[in-house]
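# Overview (structure and organization)
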Amino acid sequence: MGKRNYLKLLWLSLIVLTAPLFIKGDYYLSVLVFMGINSLVVMGLSLLMGYAGQISLGHAAFYGIGAYATGILTTQYHFSIYSAFLIGIALSVIVAVIIGIPALRLKGHYLAVATLGIGEIVYIIFNELMELTGGPSGLSNIPIFHIGGIPFNTSFRMYYLVWPVVILLLWFSLNIIHSRVGRALRAMHGSEVAANAMGVNLSVLKIHIFILSAIYASIAGSLYAHFVTFVAPSNFGLMVSVLFLMMGVIGGIQNIWGSIVGAVLLTALPESLRVFQEYDILVYGAILLAILLFMPEGLLEGTPRLIKKATSRRKG
Amino acid sequence: MACLLSVKNLGKAFGGLMAIYDLSFDVSTGQIKALIGPNGAGKTTLFNLITGVYPISQGQILFEGKKVNNLPPYLIANLGVSRTFQTVELFGNMTVLENVMVGRHTRTGSGMISCGFRMPWMKKEENEIYTESMRILALGSLDAKADMPSASLPLGEQKILEVLRALATKPKLILLDEPAAGLNESETLKMCDLFYAIRESGVTILLIEQNAKAALQIAAYGYVLETGSIVLEGPAQQLLKDPKVQHAYLGK
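Summarised in this report is the structure supplied together with it. Worth saying up front: this structure is predicted, and the values here are computed from it rather than measured.

### What about the sheet that holds strand β8 (residues 204-209) of chain B?
Residues and elements named next belong to chain B. The strand order across the open sheet formed by 6 strands is β6-β7-β8-β3-β9-β10, and the pairing between neighbours is mixed. Strands at the two margins of the open sheet, each flanked by one partner only, are β6 (81-83) and β10 (229-235). Ignoring which end each strand starts from, the neighbouring axes of this sheet average 20° apart. The pairing of strand β7 (residues 173-177) with β8 spans 5 bridges and is parallel. For Asp177, the partnering residue across the bridge sits in β8 and is Ile208.

Listed below in structure tokens is the structure:
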């Protein structure tokens, strides 16, 4: 990746490092933590959908698998958080492989419907496996993180755990994007037949990127579980998958930075939409509609384009 | 001369329609051969069979003496057969340079993890990909436009870029599907220069053209394909003089 991306990464790190100086209070910091957690999921979605062109409407399933795996293993089987974390990732990889091999043979709308179905199946499993998951009433008393004897018991501390993970995975993603693999992903998005003729093994590449995005979601889920210390199936339903997708689309899913912008904005939005009470879903819909109509490339790339257009019109 | 590609009694049926029927021919290393024929003769179908896009119904395809029947396209590319497409199939979402860099995919091997962590060997490979791709772009005088989106090039340059992308896979045989279709005079000349440069570098060319005259001027040997079979073949100069070819394809 070029110098510009390293510079941007440096800027983001500086912002992340200093943000808690300006944003005070446990509540606001917890919103920042959720922004980071959501960013992780949406980054994975961006690689999968924006770069590789494969739709997933069931990503909350992997988010949930990560959350439940570490939640169950630490509360009921007394695993250490580290090993539970890794087992959660391994489990997501296994599920991604099992689901991905048949589902990724599908294209476009069919893949969307298949992943939507998978998301629902996983959601139902969370509900029905009462002994393990606690059913609809959820799983509580999940322990918080302890790293080197330091408990991550406040939003402030969790913030400094979650966001470095975001930056690390963003660096990892950018490296992939600006590499042989990233070019193959975008080539596949551009023309499958041509990519195949250039020697790209499409099915293997699709599975790889699906697994990677599942790992991102799983990491996010584990962080969520040990931050909130409580998980319930409703945290991982269809609406959550759609919300992740909206974050991507609003920020700009074809650009990994856009996914972070989208996650940050849409995590902050419900907090600022409290005044609308239950009508907030209408506001969501209106925002999505406006973005799709006026800047289909998302806010990150669309805003500068619209500003440029507006200023040039005034001049001309 | 070593036989590079050998097609034996090839047949392809789409339902009840025989698109290719009992087709046999050989291509030797270092040749430029042309396939001419009208729309629907099965020219593009033939390319799709050789490159593994469609499964074949009958017969055999041998590449360097090895049976390549029904191998997936990416493996055939790896063996050293590359191609262009009749309707341009560039990666329109990528730059000119990136398109050629994708061509290097099959000759490089860094996986997701070594790319993600930017391992030293991956960086070395990445440099090689860049240098080689820029060298190839220069062959078609597109190096000055390396950072432009490929979709913004005029058609002639898009077609040249497709040939360059195919060349980046370091093929032994390159299949060109109507490379000159839609090009103006000067673009066609540029394209021809590129063909000769490719042949000089030791790559064998098999090309399809509807424009029989242009094709037979470039190629040394030609086949006339009609309704899935070869009806006429011979050295290009001889075909150009053939009354049947003149009547059907050269408008005399």
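### Some words on the environment of Ser114(B)
Residue and element names in this part refer to chain B. Following the sequence through the fold, Ser114 ends up in helix α4 (residues 112-116). Measuring from C-alpha to C-alpha, the distance between Ser114 and Ala248 comes to 56 Å, with 134 residues separating the pair along the chain. Ser114 has contacts with Met119, Trp121 and Met122, leaving out every residue within four places of it along the chain.

### Some thoughts on the nonpolar core
By size, the foremost hydrophobic cluster in this structure holds 178 residues, and its most contacted members are Tyr216(A), Ala220(A) and Leu164(B). No other element matches helix α10 (residues 202-228) of chain A, which puts 17 residues into this core. Beyond its immediate sequence surroundings of up to four residues, Tyr216(A) is in contact with Leu40(A), Val41(A), Met43(A), Gly44(A) and Leu169(A).

### Concerning the interface of chain B and chain A
At the interface, 32 residues of chain B touch 24 residues of chain A. Its residues assigned to classes, the side of chain B that touches chain A comprises 14 nonpolar, 12 polar and 6 charged.

### Quick notes on the sheet that holds strand β5 (residues 66-67) of chain B
Residue and element names in this part refer to chain B. Taken in spatial order, the 4 strands make up an open sheet running β2-β1-β4-β5, and their pairing is antiparallel. Edge strands, defined here as strands with exactly one partner in the open sheet, are β2 (17-28) and β5. Pairing of strand β4 (residues 58-63) with β5, which is carried by 2 bridges, proceeds in the antiparallel orientation. Within β5, the position partnered with Leu62 by the bridge is Lys67. The sheet contacts of helix α1 (residues 43-50) involve β1 (3-14), β2 and β4, and relative to β2 the element is tilted by about 65°.

### Description of the pairing of β1(B)
Residue and element names in this part refer to chain B. Sheet topology places β1 next to β2; 8 bridges connect them, and they run antiparallel. Bridging from a neighbouring strand, Cys3 pairs with Ser28 of β2. Between β1 and the antiparallel strand that follows it, β2, lie 2 residues; Gly15 among them carries a positive phi value of about 65°. Bridge analysis of β1 against β4 gives 5 bridges, and the strand direction is antiparallel. Following the sheet pairing, Lys8 is matched in β4 by Gln60.

### A closer look at the packing of helix α11 (residues 238-251) of chain A against helix α12 (residues 256-272) of chain A
All names here are of chain A. Packing of α11 against α12 leaves a shortest axis separation of 7 Å and a crossing angle of 120°. The orientation of α11 with respect to α12, classified from their angle, is oblique. Crossing angle aside, the handedness with which α11 passes α12 is right-handed. Note on element contacts: α12 touches α11 through Gly258, Ser259, Ile260, Val261, Gly262, Ala263, Leu265 and Leu266, opposite Leu243, Met246, Met247, Gly248, Ile250 and Gly251.

### Overview of unusual backbone geometry
All names here are of chain A. Of note in this structure, His78 is not a glycine but carries a positive phi near 55°. Structurally, the position occupied by His78 is in the loop between α3 (60-76) and α4 (81-103). In this structure, Thr229 takes a positive phi of about 60° despite not being glycine. Turning to its location among the elements, Thr229 is positioned in the loop between α10 and α11. Classification of Thr229 by C-beta neighbours within 10 Å gives partly exposed; the count is 16.

Cut-off values and rules
All residue numbers here refer to positions counted from 1 along the written sequence of the relevant chain. Working convention: letters from A go to chains and numbers from 1 go to ligands, in the order in which they are written. Side-chain atom pairs in this predicted model are given and counted only at pLDDT of 80 or more, local residue features only at pLDDT of at least 70, and totals for whole chains, interfaces and linings cover all residues. Between any two strands, pairing holds if DSSP finds at least two bridges. Helix and strand definitions follow DSSP, with helices as H or I runs of at least four residues and strands as E runs of at least two, each counted in order from the N terminus. Orientation is described by lines fitted to C-alpha atoms, with helices fitted over the stretch in contact, and by angles between N-to-C directions that extend from 0 to 180 degrees. C-beta atoms are placed from the backbone for every residue, and two residues are taken to be in contact when these atoms lie within 7 Å. Nonpolar cores are built from buried Ala, Val, Leu, Ile, Met, Phe, Trp, Tyr and Cys residues. These are joined into a set through C-beta atoms within 7 Å. Buried means a residue has 20 or more other C-beta atoms within 10 Å of its own C-beta, exposed means 12 or fewer, and partly exposed covers the counts in between; C-beta atoms are placed from the backbone. We call Asp, Glu, Lys and Arg charged. Ala, Val, Leu, Ile, Met, Phe, Trp, Tyr, Cys and Pro are nonpolar, and the rest, Gly among them, are polar. What sets the label is the angle itself: under 35 degrees gives roughly parallel, over 145 gives roughly antiparallel, 65 to 115 gives roughly perpendicular, and the rest give oblique. Note: crossing handedness is left-handed where the near helix turns anticlockwise from the far helix by less than a right angle, and right-handed where it turns clockwise.

Keep in mind that these numbers describe shape and distance, not what the molecule does.
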